[in-house]
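Results of the structural survey
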Amino acid sequence: MELTTNTNQALLDAQLELWHTTFAYIKSMALKSALDIRIADAIHHHGGGATLSQIVARVTLHPSKIPCLRRLMRVLIVTGVFSLQNPNDGAGEHVYELTPVSHLLVGSSNLTPFSSLVLHSIFVSPFFGLGAWFQQEQPEPSLFEMTHGQTAWDFTDHNPTFGAIFNEGMIADSSFIMDIVTKEFGDIFLGISSLIDVAGGLGGAAQAIAKAFPHVKCSVLDLPHVIDEAPTITNVKYIAGDMFDSIPPANVVFLKWVLHDWGDAECIKILKNCKKAIPPRDAGGKIVILDMVVGAGSPNLKHKETQVLFDLFIMFVNGVERDEQEWKNIIFEAGFSDYKIIPVLGVRSIIEVYP
Ligand code: SAH
């Protein structure tokens, strides 16, 4: 049997699209539950491939939920997190395998803490209020503040447990991306003797740079409650302070995931303080930014979609992911003379800014 009109087919196609987006959050929640009960670890423990009973034996799951686990795995396969290998003889059990995606969720340096942070209820719950937030006058409070009654930085200060989850998430991302940066784009740090990682958290990036380039003296500036948690035995110097007040001097200022947290006026203030901290361009002074340039890099649909999703996400702290023109505006407004965008880190870019 077929539908009698194209109109009705079109209606059903449209409903499919609507449902696809309506239910998209189920994908995120499926991933979150997999992180919570540590499914990737269970498969990894069995050498990257495990049957359902082997997974059940290692994850924190009540036996009555085994049929539900099968259904969770089906979603995680559709979303590329795991894959399913049919038994060769058609008789044995199916084997669930890690994919390149879930390989990022296992081992000592993995991205689980970052995804767990983004999917934490503290970060997800504000989005229930996004519609109401849109009806309020700009710009304060942020969606985060509207939900939790304080800014994200005050919140992490007052909730040390969540603060630790936040910092672990940042370290995981920094270790991952800085491993690639130092191996592939080490030229950026060539010929410099000192670097300060401004708003560097617990110093994931600075640690990676100090390890790859031992001749570079690395320090981290962050708020006092963050620096209080910093490791004590390290070749990185930790400095408590406020980047809006002043930034200690260095050849290079490094800013990863800092400017996207702030509006233009705050960014210009931060960048002006960065400029005061570095020597002139001919003496090697520069700012290295690791952030997103919306529209830069691959024209691939998933790439573009991830960039605009990230932008709407970061809007919850009144942050913004900028396109090249928006970056240009704040860079020149802060008194810098030139910049270079290197769109080589997936959806993110390296931006060099010269005094
Ligand atoms: N650059 C790190 C951390 C990014 S999160 C990374 O990519 O892993 C943003 C950081 O900004 C947090 O660590 C937060 O504590 C810090 N921060 C917020 N306000 C600050 C201020 N006024 N001065 C210095 N650091 C600040």
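Everything numeric in this text was worked out from a predicted model, so none of it was measured.

**Quick word on the nonpolar core**
- Core analysis: the biggest nonpolar cluster contains 32 residues, and Val253, Leu255 and Ile287 have the highest contact counts within it.
- Going through the elements one at a time, β4 (194-198), β7 (252-256), α15 (264-277), β8 (286-291), α17 (324-333), β11 (338-345) and β12 (348-354) are the ones with two or more residues in this core.
- The greatest single-element share of this core, amounting to 6 residues, is contributed by α15.
- Once residues lying within four places of it in the same chain are set aside, the contact partners of leucine 255 are Val198, Ile270, Leu271, Cys274, Ile287, Val288, Ile289 and Leu290.
- In this structure, Ile177, Val226, Tyr238 and Val288 belong to the second largest nonpolar core, which totals 29 residues.

**Some words on the sheet that holds β4**
- In space, the 7 strands of this open sheet follow the order β6-β5-β4-β7-β8-β12-β11, with mixed pairing throughout. Only two strands of the sheet have a single neighbouring strand rather than two, namely β6 (237-240) and β11. Ignoring which end each strand starts from, the neighbouring axes of this sheet average 20° apart.
- In the sheet, β8 pairs with β12 via 5 bridges, with the strands oriented antiparallel. Bridging across to β12, aspartate 291 finds its partner in serine 349.

**A closer look at the pattern of salt bridges**
- Under the counting rule described, the total for this entry stands at 8 salt bridges.
- Aspartate 41 is the salt-bridge partner of arginine 38, the closest N and O atoms lying 3.0 Å from each other.
- You can call arginine 38 exposed: its relative accessible area is 52%.
- Assessed through its relative accessible area of 25%, aspartate 41 is described here as partly exposed.
- When the shortest N-O distance is used, the salt bridge between aspartate 179 and lysine 183 registers 3.0 Å. Pair noted here: aspartate 179 and lysine 183 are both in helix α12 (residues 160-184), with a separation of 4 residues, about one helical turn.
- For aspartate 179, a relative accessible area of 36% corresponds to the partly exposed category.
- Relative accessible area serves as the criterion here: at 63%, lysine 183 is assigned to the exposed category.
- Each of Asp173, Lys256 and Arg348 takes part in salt bridges that share partners, so that together they form one network.

**Comments concerning the packing of aromatic side chains**
- Applying the stated criterion across every chain yields a total of 20 aromatic pairs.
- Between phenylalanine 144 and phenylalanine 155, the ring centres sit 5.6 Å apart and the planes meet at 85°, which makes this aromatic pair edge-to-face. Linking phenylalanine 144 in helix α10 (residues 143-148) with phenylalanine 155 in helix α11 (residues 152-158), this pair joins segments that are 11 residues apart in sequence. The two residues phenylalanine 144 and phenylalanine 155 agree in class, both being buried.
- Taking 6.0 Å as the distance between ring centres and 65° as the angle between the ring planes, the aromatic pair formed by phenylalanine 332 and tyrosine 339 counts as edge-to-face.
- Residue phenylalanine 332 is classed as partly exposed on the basis of its relative accessible area of 37%.
- Since its relative accessible area comes to 14%, tyrosine 339 is described here as buried.
- Through a chain of ring-to-ring contacts, three or more aromatic side chains come together here, namely Phe114, Phe123, Phe127, Phe144, Trp153, Phe155, Phe162, Phe166, Trp257, Phe310, Phe313 and Phe316.

**As for the domain arrangement of the protein**
- What the domain assignment reports for the protein is domain 1 (4-104) and domain 2 (172-354).
- Each of domain 1 and domain 2 has a C-alpha centre, and the two are 36 Å apart.

**With respect to the sheet that holds strand β1 (residues 49-51)**
- With respect to topology, 3 strands assemble into an open sheet ordered β1-β3-β2, the strand pairing being antiparallel. Sheet topology places β1 and β2 (82-85) at the edges, where each strand pairs with a single neighbour. Averaged over all pairs of adjacent strands, the angle between their axes in this sheet comes to 30°, without regard to strand direction.
- Sheet analysis places β2 next to strand β3 (residues 95-98), joined by 4 bridges and oriented antiparallel. Paired with glutamine 85 across the bridge in β3 is valine 95.
- Along the sheet, helix α5 (residues 66-78) contacts β2 and β3; its crossing angle with β2, the most-contacted strand, is approximately 110°.

Rules and cut-offs
Residues numbered from 1 in each chain as written. Predicted model: local features only at pLDDT ≥ 70, side-chain atom pairs only at ≥ 80, totals over all residues. Heavy atoms only, no water. Core = buried A, V, L, I, M, F, W, Y, C linked by side-chain atoms within 4.5 Å. Buried < 20%, exposed > 50% of the residue type's maximum accessible area, 1.4 Å probe, protein only. Helix = DSSP H or I, 4+ residues; strand = E, 2+ residues; numbered from the N terminus. Contact = heavy atoms within 4.5 Å. Pairing = 2+ DSSP bridges. Axes fitted to C-alpha atoms, helices over the stretch in contact; angles between N-to-C directions. Salt bridge = Lys/Arg side-chain N within 4 Å of Asp/Glu carboxyl O. Phe/Tyr/Trp six-rings, centres within 6.5 Å; stacked < 30°, edge-to-face > 60°. Domains from an automatic or database assignment.

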